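Reading the structure
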Amino acid sequence: MGESKPHIYSYTQLSTCAECAFCYYLTRIEKVDSASNAFSESGTLIHDILDQWAKGLIKKEDMVKEYERRYSEEVVTKFPRMLAAKGYAEKAYNLGLRYFEEFDEFAGYKILASEERFMIDIQMPDGTTRPFTGVIDLILQDELTEEIIICDHKSKSLSSFKKEEDKMYRQQLMYAAYVKEAYGEWPSRLMFNLFKENGQKPERRFDKEQYDKTMGWACSIIEKIENNDMLDWLECKNQDFFCENICSARKSCPNGIAKPYTKKTKT
């Protein structure tokens, strides 16, 4: 018998397992059908148009028309009822439209790569390695300082981003290992492009100590997965807005079953 291929890890797998082991169990082991949502559909559309622009396949002046043309065809899942009742669907569409209307073309930066797919090895504490894959939305170079920057497009609001800021940078810290391997140096900065906030770009300096801590976190999750060291494999501890409306396993998880929505009326 031939040797089985090693499991290839991704940041999504690791973060999913860390947040909800039951979701990891359903999606990666039971392989249940993945449920889409309007947030990811609209975000994917904007990502793709930005990638086309970065690769020179579309000009800035055509981005609005491309967004308008594709939106109704690709954002097909309804937004959650509680948000739709407040007109959020129209708001979400207009936020994307405004972003492309006022697109700054990442002025001051040179684009080194867009949607860069990679595979690297993660060094485990016992000296073995695990394959790890990812996609970097943009690798930029500051035209003034020549610093290399990892940039990730995100649909989060600024307030939501700030609530999870430390967690948000984990992915980019892990991706920094690829930049070191491909460009011979660590990225100097880690940046986010918040397109729902009209392209605000919060960033941090790359910190090797934080990188080492993040890789330690990643290795600990991998060890738990491989040792089946998850007491909560079959128990979803969450039951919130994410469970009911965003989680890709929500149609197979009891906590993902949406509660009946009743609009509150004044008494």
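Residues numbered from 1 in each chain as written. Predicted model: local features only at pLDDT ≥ 70, side-chain atom pairs only at ≥ 80, totals over all residues. Heavy atoms only, no water.

Concerning the environment of Tyr71
What counts here: Secondary structure elements follow DSSP: runs of H or I no shorter than four residues count as helices, runs of E no shorter than two count as strands, and numbering proceeds from the N terminus. Note on exposure labels: buried denotes an accessible area under 20% of the residue type's maximum, exposed denotes more than 50%, and partly exposed covers the range between, all computed with a 1.4 Å probe on protein chains only. The contact rule is simple, with two residues in contact once any of their heavy atoms fall within 4.5 Å.
Tracing the chain through its elements places Tyr71 in helix H4 (residues 63-74). For Tyr71, a relative accessible area of 11% gives the class buried. Considering only alpha carbons, one finds Tyr71 and Gly96, 25 residues apart in sequence, at a separation of 9.8 Å. Residues contacting Tyr71, with those up to four places away along its chain left out, are Ser42, Leu45, Phe79, Ala89, Ala92 and Tyr93.

A few points about the environment of Ala21
Along the chain, Ala21 falls in helix H2 (residues 21-29). According to the relative accessible area criterion, Ala21 is buried, its value standing at 3%. For Ala21 and Ile225, which are 204 residues apart along the polypeptide, the C-alpha to C-alpha distance reads 9.2 Å.

What about H4?
Convention followed: Helix span is expected to be 1.5 Å times the residue number reduced by one. Regarding the arc, it is the one traced by the directions from the helix axis to the C-beta atoms.
In a regular helix each residue adds 1.5 Å, so twelve residues correspond to 16 Å; H4 covers 15 Å between its end C-alpha atoms and thus fits that length. Regarding H4, the residues found buried are Met63, Val64, Glu66, Tyr67, Arg70 and Tyr71. Down the axis of H4, the smallest arc covering the buried residues is 145°, so these residues share one side. Opposite the packed face of H4, turned more than 90 degrees from it, sit the exposed residues Lys65, Ser72 and Glu73. Tucked into the core, H4 has its buried residues touching helix H3 (38-54) and helix H6 (88-101).

Focus: the nonpolar core
Rules: Working definition of a nonpolar core: buried Ala, Val, Leu, Ile, Met, Phe, Trp, Tyr and Cys residues. They are joined through side-chain atoms within 4.5 Å.
In this structure, Leu14, Ile122, Phe132, Ile136, Met174 and Tyr175 are the most contacted members of the largest nonpolar core, which totals 38 residues. Counting only elements with at least two residues in this core, the list comes to helix H1 (11-19), strand E2 (109-123), strand E3 (129-142), strand E4 (148-154), helix H7 (158-163), helix H8 (165-183), strand E5 (189-194) and helix H9 (208-226). Element by element, the count of residues in this core is highest for H8, at nine residues. Judged by nonpolar contacts, the second largest core, of 29 residues, contains Trp53, Phe100, Leu140 and Met191.

A look at the confidence of the model for the protein chain
Worth spelling out the cut-off: The predictor attaches a confidence to each residue, called pLDDT, with possible values from 0 through 100.
Taken over all residues, the pLDDT of the protein chain has a mean of 90, while the share at 70 or more is 90%. Taken together, the stretch residues 261-267 has pLDDT below 50 and engages in three contacts with residues farther than four places along the chain or on a different chain.

Examining the packing of aromatic side chains
The test is simple: Two aromatic rings from Phe, Tyr or Trp, using only the six-membered ring of Trp, form a pair when their centres are within 6.5 Å; if the ring planes differ by under 30 degrees the pair is stacked, by over 60 it is edge-to-face, and anything between is tilted.
Applying the stated criterion to the full structure yields 26 aromatic pairs. With a centroid separation of 6.0 Å and an interplanar angle of 45°, the aromatic rings of Phe39 and Tyr88 are classed as tilted. Within this pair, whereas Phe39 is found in helix H3, its partner Tyr88 is found in helix H6, the two being separated by 49 residues in sequence. The class of Phe39 is buried, set by a relative accessible area of 16%.

Quick look at the pairing of E3
Applied cut-off: A pair of strands is labelled paired if DSSP reports no fewer than 2 bridges between them.
Buried residues dominate E3, accounting for ten of its 14 residues. Where strand E1 (residues 9-10) lies against E3, two bridges are found, and the strand directions are parallel. For Tyr9, the partnering residue across the bridge sits in E3 and is Phe132. Examined bridge by bridge, E2 and E3 share 13 bridges and lie antiparallel to one another. Of the residues in E3, the one forming a bridge with Phe118 is Gly134. Pairing of E3 with E4 involves four bridges; the strand directions are antiparallel. When the sheet's bridge partners are listed, Gln141 is paired in E4 with Ile148. With antiparallel pairing between neighbouring strands as the criterion, E3 and E4 make up a hairpin whose turn holds five residues, including Glu146 at a positive phi of roughly 65°.

Overview of the packing of H4 against H6
Applied cut-off: Lines fitted to C-alpha atoms define the axes, with helix axes restricted to the stretch in contact, and inter-axis angles between N-to-C directions lie between 0 and 180 degrees. To sort the angles, those under 35 degrees are grouped as roughly parallel, those over 145 as roughly antiparallel, those from 65 to 115 as roughly perpendicular, and the leftovers as oblique. The handedness criterion is simple: a crossing whose near helix is rotated anticlockwise from the far helix by less than a right angle is left-handed, and one whose near helix is rotated clockwise is right-handed. Lys, Arg, Asp and Glu make up the charged group, whereas Ala, Val, Leu, Ile, Met, Phe, Trp, Tyr, Cys and Pro make up the nonpolar group; the residues left over, Gly among them, are polar.
Two numbers describe how H4 lies on H6: the axes approach to 8 Å, and their chain directions differ by 155°. Classified by the angle their axes make, H4 and H6 are roughly antiparallel. Handedness of the H4/H6 crossing: right-handed. Between H4, through Met63, Val64, Tyr67, Glu68 and Tyr71, and H6, the contact on the second element is made entirely by Ala89, Ala92, Tyr93, Gly96, Leu97, Phe100 and Glu101. For the contact of H4 with H6, a count of residues per class yields nine nonpolar, one polar and two charged.

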